[in-house]
Amino acid sequence: MKEIICITCPKGCHLKVDEETFAVTGNSCPRGAVYGANELRNPVRVVTSTVVVKTSPDKGRGTGEAGGGVAPRRLPVKTDRPIPKGKMFEVMDEIARLRVQPPVKVGDILIPNVAGTDGNLVATKSLP
Amino acid sequence: MNYDVIIIGCGVTGAACARALARYQLRVGILEASNDVANGTTKANSAIVHAGYDPLPGTKMARLNVAGTAMFPALCKTLDVPYRNIGSLVLSLSEEDDETLKILYDRGRANGVPGLVLLDRAQALALEPNLSPELRGALYAPSAGIVNPWELCLAMAESAVRNGVELHLSTPVTGLARGAEGWSVSTPRGDFTARYVVNCAGTLADQIAALAGDHSFTIRPTKGEYFLLDKSEGTRVEHVIFQCPSRLGKGVLVTPTVHGNLLAGPNAAPSGPEDTANSAEGLAYVRAAALRSVPGINFRENIRNFAGVRANSDHEDFILEESAVAPGLIHAAGIRSPGLSAAPAIGEELLALLRQAGLETPEKPDFRDGRRRIRFHELSEAEKNEMIAKDPRWGRVICRCETVTEGEIVAALHSPIPPVSVNGVKRRVGAGMGRCQGGFCGPRVQEIIARELGLDPTQVPMDWEGSWVLCGETKGGAKA
Amino acid sequence: MICHELVIIGGGPAGLAAALAAWNQGVRDILILERDTQAGGILNQCIHNGFGLHRFQEELTGPEYAGRFLDMVKDTDIQIRTDTMVLDLDGSRVLHTVSPSRGYEAIQAGAVVLAMGCRERTRGAISIPGARCSGIFTAGAAQRFLNIEGYMVGKRVVILGSGDIGLIMARRMTLEGAKVLACVELMPYSGGLTRNIVQCLQDFDIPLYLSHTVIDIRGRDRLEQVVVSKVDEKRNPIPGTEMVFDCDTLLLSVGLLPENELSRQAGVEIDPRTNGPLVWENRECSIPGVFACGNVLHVHDLVDYVSAESEQAGRAAAAYLRGIHPEGSEIRLVNGFDVGYTVPQRIHRGVDSVEIFFRVRSVRRDTAIRVMDGQTQIARFRREHMAPGEMENIKLPRVLLDRIQGDTPTVEIEAPAVGRVPDAPQPSTKGKPVVAADPSGHTPNA
């Protein structure tokens, strides 16, 4: 039996899940049973991180124009769907190797099928 | 490098000495162990200019305190250092205290403290309505004041540097040897020679003396802890509020600061020479004691605790003399409270001691004192726009709590003694001193320092060397 | 003097939503003043997902949530002036601003929306004893370094406070290669939401020590050790329970404070319970024509609620500019048993319906919220679970409001103190996290 905490709602029921049959006890609603079984069968997570932006040397923080002329150093990214929990660090390794050149639009796929997870790494912000 | 005089230590005492010597045609060098001036006792104390009724009549402490305090108004005006002559009250909260007040009054008169008045309860409450209900009376000293101690030190050091004194930061002294030509001073950054050495090394002054074979005194570092409260508490009192000194020390004071905050502290406990840690017991003591003077203080408005180490010694008085065993080595040691108040006078005293020891001091005809620092929030609307028109960075507020602009930070980074750390910038322009304690502006200050000094942000420490902030870029950075 | 119909101070989620709502009500001269170099506020550095479930029925990251609003603003003539600091605000709605491009100028606003957000409580605010070395950061400052600037603040980390920002940073630091040794919480329950405890701590075997606190900080230059101790019911450290962690970084996630310096300057009445302005149901402050919304008003748990509240303020500002003012005598809400505060604090009698937001003071199960008019129960709302980390809300329709005879109805929690406080967990050496039975909250705080 594995003990986990249900995160479906703020109540936080303590579930007991059978590792072979995936039967769940301790839940106070049906959603808890589904969560408990999935969490043991195939736990998945969305990974969010940042990617290094290639900056041109003339784009440092400026001296006065509105907006300050900031050259962003990092682009926020995410996997566009939950990926297997055990693959999180592999995804991070691929993200670490990536360099992006603006312009980028929110939703742009930066790495398709990242770390062989079926999820794509996408930008979560647009950079002009 | 050869100097006529080497000053060891650039706290307020060393800086005062340097400025005094800068008026003459002398080769003067300052060796400071830290990466900034004012980085020891000078940056962490009560920031009070004492009137001078505490020290016993006839002592150097009494003479130099009263003389130093009298120099503050003109000095701070010349050097553009925040100073307010707000006066002080010593409270009597018991019959025993009544007696103490009379002793302090007489002592103050003997020391030449101007304007002392013994107030009854009603008179004291008229000056300070928020005082304790236990109040019985107070000793009022109109000449007392508050100052920004690290800016005073910096301003005196800048004045010295502009007039040719050479400041060597991150240069701790590791050896002192007397040769035929004078002193040889060893440091990790090379050796220096000088005819005279002035020991202004604060809590480490006995270690410097020992390097020269002088064991005539021992520093007994004594830590004091403080609360610094938000400006919302800054008008709780309008004078420096002392309790009566007792066997335990001068007692906890409550005072506004020149920045508009409220300061409460210190306690007194033996410590290491560089031990600035706060303790739960020390803070609890300060809090309780401060509330005894001013019961309404809202400690929930605390924005920072800190501790400073006083350079107390085994001597009763300041040690200001030429070493008996090492000729040409002048000590300014054991500079305990009222060391800050006395500092301007100590500078002159050290000059006199050097002359006595044989130093000739031809006048420097082109000596220029004076200093001006532009504080954006103090400018008029027209002046603000003038600054921004010249350099738009004066229109970019970096520290929102204290309204400090990028222009001020950049100016500080190109000043005669440029800061190399986040707190170095804080001490010069106030960025990060406010209620968010650098939570918002810290990252931007880090970046501006790096940019202006041509460093990588990871090379910019919080304060002294080794107090690093960032350990590297994520993902190996753009170059990886 | 330059005049604008509506000036909004702050271009974060609150300011953007208020501006859009006012625009949709027909206000055409709207100026947002933002001190940072980009709009979006703190959402820009909240790169994790979990935002927008209520608003957009999907899980967005902070930048995506802000991006949705910024895109909507782009389709309007709303002006966003970034890199602009408001230095002064007075009671007649004159603002003094400064920016690199425009210099120092004064602006007369027809109406003002306060949307300045909040700041983090610091080490000083909670007086943690110990050395003054480097390596102690508020979680948000570390988050900015990490997510915006791209720098790591340390390699071995202890986190004090189990609020959502601290939990989120535990995962972020871990994914970026740091070792997070522990999350330490003074209270017997976590201030963060269950999902974050599971996904930010448990996923990475980071232990959570409830009823513990940091009692000492050691290190000459950079942080070297923190000492953690168990606390008793009065939150005093218990001698003999000390644990020493070798670490170079301590992150503080110990609470947020609405940032109301400008509001105070203008003379807006502040509620000491929220540390935010005291407002009517339309989010108007004690000064007519000045409105407040988002975390400057009270610290929210969900950005979705910030948006909704800000739209209300934006609509009310638009109505004010058209000369429409709510009428009706004042109903003053009183905080009853276990209710920490309410927003709004005041209601005009005769309004259509009012949603009341508040927080409870302790963790509770199977209880109810009641609105009492003297001895008369006006309304009762059942709740299976409530916690201080979670913002509660109840909606009073006109028909219930009209039943209130007195001027000072009470919002209270029904149950006597049965809140089951879970046993403080034993420190685990295997790194298995221990979780409170009643962790609270919904999705990450913006």
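Asks: Could you give me a rundown of the overall build of chain A, with the residues and numbers involved?
Replies: Scanning chain A for helices and strands turns up two helices and ten strands. Ordered by position from the N terminus, the helices and strands of chain A form the series β-β-β-α-β-β-β-β-α-β-β-β. Residues classed as buried in chain A amount to 45% of the 128 residues present. Expressed as a percentage of contacts within chain A between residues at least 6 apart in sequence, the contacts between residues at least 24 apart total 49%.

Asks: Quick rundown of the packing of helix H10 (residues 406-413) of chain B against helix H12 (residues 442-453) of chain B? Include the residues and the values.
Replies: All names here are of chain B. Taken N-terminus to C-terminus, the directions of H10 and H12 make an angle of 45°; their axes are 10 Å apart at the nearest point. In terms of orientation, H10 and H12 fall into the oblique class. Note that H10 runs across H12; the crossing there is right-handed. Contacts between H10 and H12 involve Glu-406, Ile-409, Val-410 and Leu-413 from the former and Val-445, Ile-448, Ile-449, Arg-451, Glu-452 and Leu-453 from the latter. Taken together, the residues that form the contact of H10 with H12 break down as seven nonpolar, no polar and three charged.

Asks: How would you summarise the pairing of strand S10 (residues 175-178) of chain B if you had to cite specific residues and measurements?
Replies: All names here are of chain B. Here S10 pairs with strand S11 (residues 183-187) via four bridges, running antiparallel. Bridge assignment links Arg-178 to a residue of S11, and that residue is Trp-183. Between S10 and S11, which pair antiparallel in sequence order, lie four residues; one of them, Gly-182, sits at a positive phi of approximately 135°.

Asks: Describe the interface of chain B and chain C, and please don't skip the residues or the numbers.
Replies: Listed as interface residues are 50 residues of chain B and, on the opposing side, 45 residues of chain C. For the pairing of chain B and chain C, the buried interface totals around 3900 Å² over both sides, and the portion due to carbon and sulfur atoms is 57%. Applying the counting rule to chain B against chain C returns five salt bridges. At the surface where chain B touches chain C, the tally comes to 21 residue pairs in polar contact (both at pLDDT 80 or more). Secondary-structure elements contributing two or more residues to the side of chain B that touches chain C are helix H7 (280-293), strand S18 (302-310), helix H9 (381-390), H12 and strand S23 (472-473) of chain B. Looking at the side of chain B that touches chain C residue by residue, the classes come out as 20 nonpolar, 17 polar and 13 charged. Here S23(B) pairs with strand S11 (residues 151-152) of chain C via two bridges, running antiparallel.

Asks: Before we move on, could you go through the interface of chain C and chain A and cite the residues and values that matter?
Replies: Counting from both sides, the interface comprises 41 residues of chain C and, opposite them, 32 residues of chain A. Roughly 3000 Å² is buried in total at the junction of chain C and chain A, and carbon and sulfur atoms are behind 53% of that figure. Put simply, chain C and chain A have three salt bridges between them. The shortest N-O distance in the salt bridge between C:Asp203 and A:Arg45 comes to 2.4 Å. Elements that contribute at least two residues to the side of chain C that touches chain A include exactly helix H3 (62-74), helix H5 (139-149), helix H6 (164-175), helix H7 (194-201) and strand S29 (376-386) of chain C. Looking at the side of chain C that touches chain A, its residues break down into twelve nonpolar, 17 polar and twelve charged.

Asks: Tell me what's going on with unusual backbone geometry, and back it up with residues and numbers.
Replies: Here the residue pair B:Gly265 and B:Pro266 is connected by a cis peptide bond, since its omega of -5° sits within 30 degrees of zero. Within the fold, B:Pro266 resides in the loop between strand S16 (262-265) and strand S17 (269-270). Between B:Ser337 and the following residue, B:Pro338, the backbone shows a cis peptide bond with an omega angle of 5°. Note that B:Pro338 resides in the loop between strand S20 (329-333) and helix H8 (339-356). In this structure, A:Asp118 is a non-glycine residue whose phi angle is positive, near 75°. Residue placement: A:Asp118 occurs in the loop between strand S9 (109-111) and strand S10 (121-123). We classify A:Asp118 as exposed; its relative accessible area is 57%.

The rules we used
Residue indices begin from 1 for each chain and proceed along its sequence in written order. To label them, take the chains in the order written and letter them from A, then take the ligands in the order written and number them from 1. Per-residue local features of the predicted model are confined to residues with pLDDT of at least 70, and side-chain atom pairs are confined, for both listing and counting, to 80 or more; whole-chain, interface and lining totals are unaffected and use all residues. Side-chain measures were taken over the full set of non-hydrogen atoms in the model, leaving aside hydrogen atoms and water. Strands here are runs of E lasting at least two residues and helices are runs of H or I lasting at least four, both read from the DSSP assignment and numbered beginning at the N terminus. Remark: exposure states derive from per-residue accessible area (1.4 Å probe, protein chains only) relative to the maximum for the residue type, with buried under 20%, exposed over 50%, and partly exposed in between. Note on contacts: a residue pair qualifies if any of its non-hydrogen atoms lie within 4.5 Å across the two residues. Axis angles are defined between N-to-C directions and span 0 to 180 degrees, where every axis is a line fitted to C-alpha atoms and, for a helix, only to the segment in contact. For classification purposes, angles smaller than 35 degrees are called roughly parallel, those larger than 145 roughly antiparallel, those between 65 and 115 roughly perpendicular, and all remaining angles oblique. Each crossing is labelled by how the near helix is turned from the far one, with a counterclockwise turn of less than a right angle marking it left-handed and a clockwise turn marking it right-handed. Gly is placed with the polar residues, together with every amino acid not listed as nonpolar (Ala, Val, Leu, Ile, Met, Phe, Trp, Tyr, Cys and Pro) or charged (Asp, Glu, Lys and Arg). In short, DSSP must find at least two bridges between two strands for them to pair. Two parts placed together each lose some accessible area under a 1.4 Å probe, and the buried area is that loss summed for both. Whenever Lys or Arg places a side-chain nitrogen within 4 Å of a carboxyl oxygen from Asp or Glu, that contact is recorded as a salt bridge. Here a polar contact is taken to be a pair of N or O atoms separated by no more than 3.5 Å, where protein atoms must pair a possible hydrogen donor with a possible acceptor and residues adjacent in sequence count only if both atoms sit in side chains.

So yeah, pure geometry; function would need other evidence.
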